[in-house]
Amino acid sequence: MVPDTADGGKAGVDLSVDGLLHLRWLPGVDIQVEDARAAMAKVNELCQQEQHPMLVDMAAVASVSREARGVWSIPCGASRIALLGTSPVDRVLANFFLGVHVPPCPTRFFTSRSDALAWLNPGA
Amino acid sequence: MLPAAVRWDYVTSRRSVEDPRLQLLVDGVVRLAAGDLDARIEPSEDRDDIDAVITGVNLLAEELGYIHSELEQRVAARTAMLRRTQVELEQMAKTDALTGLANRTLLTERIQEAILSSADGGKAPAVLILDLDSFKAINDILGHSAGDAALVEVANRLRSAVRASDTVARLGGDEFAILITAATKDEILQIAHRASEYLQDSVRIGIETVWAMASIGVCIGTPGYPAEALMRDADIAMYQAKARGRNNVQLFHPDMLDAVRERSRITAELRTAVAGGELALLYQPVVELASGRVIGIEALLRWHHPVRGTIMPGSFIGIAEETGLIFELGRWVLHEGVAQMNRWSQTDPGLPDFCLHINLSAAELLRPDLLEDIRDTLAQHGVDPRRLVLEITETVLMSRGTGEEHVLSRLRELGVGLQIDDFGTGYSSISYLRSLPADTVKVDQSLIKDMESDPRQQKFVSAILQLISAAGLNATVEGIETAEQAAQLEAMGCLFGQGYFYGYPVPAAEVPERLRRPAPRLYS
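A. Region of interest: the packing of helix H5 (residues 135-142) of chain B against helix H6 (residues 144-161) of chain B. Residues and elements named next belong to chain B. Their axes nearest at 6 Å, the elements H5 and H6 cross at an angle of 145 degrees. On the side of H5, the interface is formed by Phe135, Ile138, Asn139 and Leu142, while H6 contributes His144, Ala146, Gly147, Ala150 and Leu151. For the contact of H5 with H6, a count of residues per class yields 6 nonpolar, 3 polar and no charged.

B. Structural context of the domain arrangement of chain B. We note that the domain assignment places domain 1 (1-93), domain 2 (104-252) and domain 3 (263-516) within chain B. Averaged C-alpha coordinates put domain 1 of chain B and domain 3 of chain B at centres separated by 100 Å.

C. Geometry of the interface of chain A and chain B. Of the residues lining the interface, 15 residues belong to chain A; the matching set on chain B comes to 12 residues. Summed over both partners, the interface of chain A with chain B comes to about 1,100 Å²; 62% of that surface belongs to carbon and sulfur atoms. Across the contact surface, chain A and chain B share 4 salt bridges. For the salt bridge of Glu62 of chain B with Arg69 of chain A, the shortest nitrogen-to-oxygen distance reads 3.7 Å. Run the count over chain A and chain B and you get 6 residue pairs in polar contact (both at pLDDT 80 or more). Among the elements of the structure, helix H2 (66-71) and helix H3 (88-100) of chain A are those that each provide at least two residues to the side of chain A that touches chain B. Top element by residues in the side of chain A that touches chain B is H3 of chain A. It accounts for 7 residues. Its residues placed into classes, the side of chain A that touches chain B shows 10 nonpolar, 2 polar and 3 charged.

D. Here's a closer look at the side chain of Thr476 of chain B. Position of Thr476 of chain B relative to the elements: it lies in strand S15 (residues 474-478). Ignoring anything within four residues of it in the chain, the contact list for Thr476 of chain B reads Val286, Gln419, Val441, Lys442, Val443, Phe496 and Gly497 of chain B.

E. Examining the pairing of strand S3 (residues 175-180) of chain B more closely. Residues and elements named next belong to chain B. S3 sits mainly inside the fold: 6 of its 6 residues count as buried. Both faces of S3 are covered, namely the face carrying Glu175, Ala177 and Leu179 and the face carrying Phe176, Ile178 and Ile180. Pairing analysis gives 6 bridges linking strand S1 (residues 126-132) to S3, with the strands arranged antiparallel. What sits directly across from Leu128, in S3, is Ile178.

F. Highlighting the pairing of strand S2 (residues 11-15) of chain A. All names here are of chain A. Extensive coverage of S2 is indicated by the burial of 5 of its 5 residues. The side-chain alternation of S2 yields two buried faces, one formed by Ala11, Val13 and Leu15 and the other by Gly12 and Asp14. In this structure, S2 lies alongside strand S3 (residues 21-25), joined through 5 bridges in antiparallel fashion. In the strand pairing of S3, Val13 is matched with Leu23. Connecting S2 to the antiparallel partner S3 that follows it, the hairpin turn spans 5 residues, and Gly19 within it adopts a positive phi of roughly 85 degrees.

G. Geometry of H5 of chain B. Residues and elements named next belong to chain B. By the burial criterion, the buried members of H5 are Phe135, Ile138 and Asn139. The arc enclosing the buried residues of H5, seen along the axis, measures out at 95 degrees, which places them on a common side. H5 presents Lys136, Asp140 and Ile141 as exposed residues on the side facing more than 90 degrees away from its buried surface. Following H5 by one or two positions, Gly143 has its phi on the positive side, about 100 degrees.

H. Here's a closer look at the state of the cysteines. Residue and element names in this part refer to chain A. Per the stated rule, a full pass over the model turns up 0 disulfides over all chains. Left without a disulfide partner, Cys47 is nearest to the cysteine sulfur of Cys76, which lies 7.0 Å away. You can call Cys47 buried: its relative accessible area is 3%.

I. Representation of the packing of H3 of chain A against helix H3 (residues 49-93) of chain B within the structure. Contact geometry of H3 of chain A with H3 of chain B gives a least axis separation of 7 Å together with a crossing angle of 25 degrees. Between H3 of chain A and H3 of chain B, the crossing angle belongs to the class labelled roughly parallel. Of the two elements, H3 of chain A crosses H3 of chain B, and the hand of that crossing is right-handed. Note on element contacts: H3 of chain B touches H3 of chain A through Asp49, Asp51, Ala52, Thr55, Gly56, Leu59, Leu60 and Glu63 of chain B, opposite Pro88, Val89, Val92, Leu93, Phe96 and Val100 of chain A. For the contact of H3 of chain A with H3 of chain B, the residue count by class is 9 nonpolar, 2 polar and 3 charged.

J. Fine view of helix H16 (residues 483-491) of chain B. Residues and elements named next belong to chain B. Where H16 is concerned, the buried positions are Gln485, Ala486, Gln488 and Leu489. Mapping the buried residues of H16 onto a view down its axis gives an arc of 165 degrees, with all of them on the same face. In this structure, the buried side of H16 is in contact with helix H15 (455-470) and S15. Just downstream of H16 lies Gly493, where phi reads positive at about 95 degrees.

Conventions we followed
- Residues numbered from 1 in each chain as written.
- Chains lettered and ligands numbered in written order.
- Predicted model: local features only at pLDDT ≥ 70, side-chain atom pairs only at ≥ 80, totals over all residues.
- Heavy atoms only, no water.
- Axes fitted to C-alpha atoms, helices over the stretch in contact; angles between N-to-C directions.
- Helix = DSSP H or I, 4+ residues; strand = E, 2+ residues; numbered from the N terminus.
- Contact = heavy atoms within 4.5 Å.
- Nonpolar A, V, L, I, M, F, W, Y, C, P; charged D, E, K, R; others polar.
- Domains from an automatic or database assignment.
- Buried area = accessible area lost by both parts, 1.4 Å probe.
- Salt bridge = Lys/Arg side-chain N within 4 Å of Asp/Glu carboxyl O.
- Polar contact = N/O pair within 3.5 Å; in protein donor to acceptor, adjacent residues only side chain to side chain.
- Buried < 20%, exposed > 50% of the residue type's maximum accessible area, 1.4 Å probe, protein only.
- Pairing = 2+ DSSP bridges.
- Arc of directions from axis to C-beta.
- Disulfide = S-S within 2.5 Å.
- Parallel < 35°, antiparallel > 145°, perpendicular 65-115°, else oblique.
- Left-handed = near helix turned anticlockwise from the far one by under 90°.

Here's what the structure looks like:
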């Protein structure tokens with residue numbers, strides 16, 4: 001499936017046939033509040049009132065503003081969120097999101113894609 | 001040669017120490033520690049542990065900045081709230097809660113400000129003091145909520161009577177004040193009369209209609225006139241307005257202040273007059289017209305002032321009533337008069353029987369120890385209560401409340417006689433005459449003044465005497481100065497009289513001789 005790019009052009013969102021949302025932040029982006037809102041709007045648009053697990057590919061994101069982190073405290077179409085990163089920087093960014101804000105759905109940070117997918121689809 | 005593990009650590013350590021990002025990190029932390037919460041450290045592309053620490057420090061700095069800014073906003077909000085509360089409290093402290101008008105504190109401030117701003121050649125401010133004339137009756141009869149409603153209405157009317165630049169204040173109770181700034185004398189008086197005019201209309205409270213007119217005193221300041229003097233003199237002028245029949249406007253004049261000072265001096269001197277032995281009683285006979293026999297003696301108070309000579313009661317009884325000194329004066333008159341009765345019986349045991357008449361003021365009737373005092377004084381001097389007659393003005397008897405009613409009936413039980421004094425000067429209800437708790441009526445001298453030359457007045461006096469007789473009371477006419485008056489009154493059936501024709505007030509020593517000597521007779 002071709003990624004549907006969110007407004008602002010910093011992320012791509014798609015919904016696979018097996019019901020997995022995939023949000024990909026482009027490498028090196030500084031995520032601001034409007035970028036986060038645009039991405040969330042796209043997620044909600046794809047979900048159409050239904051909830052789906054979501055994999056957030058955040059490897060190589062340069063920074064996330066405080067306001068942008070706050071956007072993800074608002075409930076959206078995601079039923080659970082796996083934050084996927086690779087570096088210690090990703091881990092710090094993800095944990096600041098998890099620590100400072102209370103996520104609206106189960107949310108965890110992973111460095112392994114397979115572990116993330118397994119956690120997102122426990123029955124699969 | 002170092003072991004392999006140690007060598008690796010050493011190499012790693014050396015590499016870390018040499019990493020220029022660490023110096024950047026240290027610099028950034030120092031800037032943050034110095035309070036520069038906007039300081040950020042640029043991570044590298046490596047995204048390794050050092051970049052993770054840098055990112056963490058940046059995020060913590062961001063959080064710290066946010067918390068700091070939020071705290072500042074909260075402090076600013078709280079400070080603003082405190083300021084607002086302070087302004088509100090000040091407003092409350094300077095406003096009358098019922099009417100929303102300025103209170104005395106704010107009025108005084110505004111007067112001071114007006115005086116200051118007029119200091120450089122401007123017009124000095126003027127103060128009006130307004131006291132409602134019959135407010136107590138509204139409160140007493142209709143209750144305090146009705147009274148409050150009337151006060152609010154008065155406040156609204158006064159607001160509409162002044163200019164925007166003037167201040168209307170409620171000083172307390174039913175007393176209001178208006179501060180007028182930068183106005184001519186004509187403008188000030190115009191505002192005062194407009195305020196008075198606006199208060200002429202009735203006030204509707206529920207289904208009741210009341211009136212809340214005011215006596216208004218005006219004091220127009222001059223350069224250097226102090227604020228306290230403005231208030232005091234407006235107040236004096238207001239009392240002048242009260243004295244001149246209420247519901248009018250009086251402009252302060254320095255003579256008014258002299259009169260007030262005179263009253264104040266009299267009050268102070270009167271306090272020492274009793275102890276200083278400056279009071280004395282004179283006695284005037286009450287005569288049976290037909291026989292000329294003296295049947296009573298009225299004790300009349302005189303104040304022998306060491307400097308100003310003899311002062312008549314009319315000049316100080318009012319002040320004594322206002323200041324409460326009337327209790328002390330009344331007590332002295334009672335004790336002295338009854339004691340004198342005893343002295344006469346000692347010095348002149350053969351004197352014909354007669355009564356002692358003593359005037360009792362309205363305030364005295366509610367003196368808590370009055371009954372006891374009268375009973376004990378009579379007993380102490382061995383005087384029969386039936387030989388004491390208390391003269392009480394008709395106004396007191398007409399408007400008596402339950403307290404007065406109780407005292408009057410107890411006095412009658414005691415055997416003391418009660419006489420209605422000054423009959424014809426008040427506003428007696430004729431039908432009420434029959435129910436008055438009195439034995440005799442003293443007809444005021446003003447009624448017989450023109451009797452000799454005015455046949456209509458003769459008929460009028462005759463009718464009054466018949467009325468008193470019909471009510472089952474005996475009449476004594478006072479102020480008889482001529483034989484003709486005496487003859488006319490006797491012809492009308494009047495039994496008793498008093499006046500210069502029968503004798504001037506005399507000292508106690510002259511009374512026995514007067515009692516023994518027959519009064520001037522009309523017919524021999």
